[in-house]
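Spelled out, the chains give:
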Amino acid sequence: MTNSMPRMVKSVTLICLLGLGGCTTVEQAPSTDVQLEEAPAVPDPGTLKAVMAGIAADMDSVHTGIWAEDLAQVERAATSIAGHPHVSAAERTRIQQLLGAEFRDFVAGDKRVHDAAVSLAAAAAGNDIADVLPALGDLESGCVSCHTGFRAQLTADE
Ligand code: HEC
């Protein structure tokens, strides 16, 4: 019980961060007062997790733009992914220490996603959905490839 509550609170906080609603749920949960005090109100913006949450929000915007046939929105969101905020120096050091020699592959994975986001933005600027979809596929493959390769190692110490 002591373990499950903070986890719930944490996921509610993330939903809040992604702008998917749920902030009011946090405010309307007085019975969890004690656990809320223990959980940080907002995750440190310099953590990988926080950077990823921002990228995921941009990715939602990419998808919404595609369904709305608003390729200018797709271009903006892809550009934002390409220029995503960096992790803090402390977080970078933590990742480097956990990955050792593999850190280089991690950086390469980040660059791959950066380049794919730039290509997606260019495809969206060309205003042809037929070019946008394959570029989006490349970008998402890059996300998943890094998650498959590194996520388990980097979340193990939590
Ligand atoms: C360079 C490697 C790398 C790339 C590229 C990458 N991710 Fe991640 N991502 C991670 C790692 C590692 C985690 C786990 C972080 C943690 O739990 O602390 C993660 C976690 C996440 C999470 C979960 C955040 C949470 O709160 O648990 C989301 C969502 C996410 N990534 C989205 C994306 C999207 C979308 C892309 C592509 C546009 C992407 N990531 C590209 C490494 C990467």
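Everything that follows concerns the structure shown earlier in this document.
Rules used in this analysis
- Residues numbered from 1 in each chain as written.
- Predicted model: local features only at pLDDT ≥ 70, side-chain atom pairs only at ≥ 80, totals over all residues.
- Heavy atoms only, no water.
- Near = heavy atom within 4 Å.
- Polar contact = N/O pair within 3.5 Å; in protein donor to acceptor, adjacent residues only side chain to side chain.
- Helix = DSSP H or I, 4+ residues; strand = E, 2+ residues; numbered from the N terminus.
- Nonpolar A, V, L, I, M, F, W, Y, C, P; charged D, E, K, R; others polar.
- Contact = heavy atoms within 4.5 Å.
- Phe/Tyr/Trp six-rings, centres within 6.5 Å; stacked < 30°, edge-to-face > 60°.
- Buried < 20%, exposed > 50% of the residue type's maximum accessible area, 1.4 Å probe, protein only.
- Donors = N, O, S within 2.8 Å, 3.2 Å for Na, K, Ca; no water.
- Tetrahedral: all angles 85-135°; square planar, octahedral: opposite > 155°, others 65-115°.

1. Things to note about the site of the ligand
No. 1: By nearness alone, 17 residues border the ligand, and Met52, Cys143, Cys146, His147 and Thr155 come closest of all.
No. 2: Within the side chain of Lys49, one N or O atom sits 3.4 Å away from an oxygen atom of the ligand.
No. 3: Here a nitrogen atom of the ligand and a side-chain polar atom of His147 are 2.8 Å apart.
No. 4: Looking at the shell around the ligand, the elements that each hand over two or more residues are helix H4 (48-67), helix H7 (103-125) and helix H8 (129-155).
No. 5: Sort the elements by how many residues they give to the shell around the ligand and H8 lands first, with six residues.
No. 6: Residues of the shell around the ligand, tallied by class, amount to 10 nonpolar, three polar and four charged.

2. Some points on the side chain of His84
No. 1: Relative to the helices and strands, His84 resides in the loop between helix H5 (71-82) and helix H6 (89-99).
No. 2: Not counting residues within four places of it along the chain, the set of residues in contact with His84 comprises Val51, Ile55 and Asp110.

3. Topic: the packing of aromatic side chains
No. 1: One pass over the full model with this rule turns up two aromatic pairs.
No. 2: Note on Phe103 and Phe106: the rings are 6.3 Å apart at their centroids and 20° apart in plane angle, and the pair reads as stacked. Highlighted residues: Phe103 and Phe106, both in helix H7, separated by three residues, approximately one helical turn. In terms of burial, Phe103 and Phe106 fall into one category: buried.
No. 3: Seen in terms of ring centroids, Phe106 and Phe150 are 5.3 Å apart; in terms of plane orientation they differ by 85°. Their pairing is edge-to-face. Of this pair, Phe106 sits in helix H7 while Phe150 sits in helix H8, placing them 44 residues apart in sequence.
No. 4: Members of the aromatic cluster, each reached through a chain of ring pairs, are Phe103, Phe106 and Phe150.

4. Quick look at the coordination of the iron atom of the ligand
Geometry sets the ideal angles at a metal, namely 109.5 degrees for four tetrahedral donors and 90 or 180 degrees for six octahedral donors.
No. 1: Protein-derived coordination of the iron atom of the ligand comes from Met52 (SD) and His147 (NE2), at a distance range of 2.0 to 2.3 Å.
No. 2: For the iron atom of the ligand, the six donor atoms are set out with angles of 84 to 178° between them, so the coordination reads as octahedral. Within this pair, whereas Met52 is found in helix H4, its partner His147 is found in helix H8, the two being separated by 95 residues in sequence.

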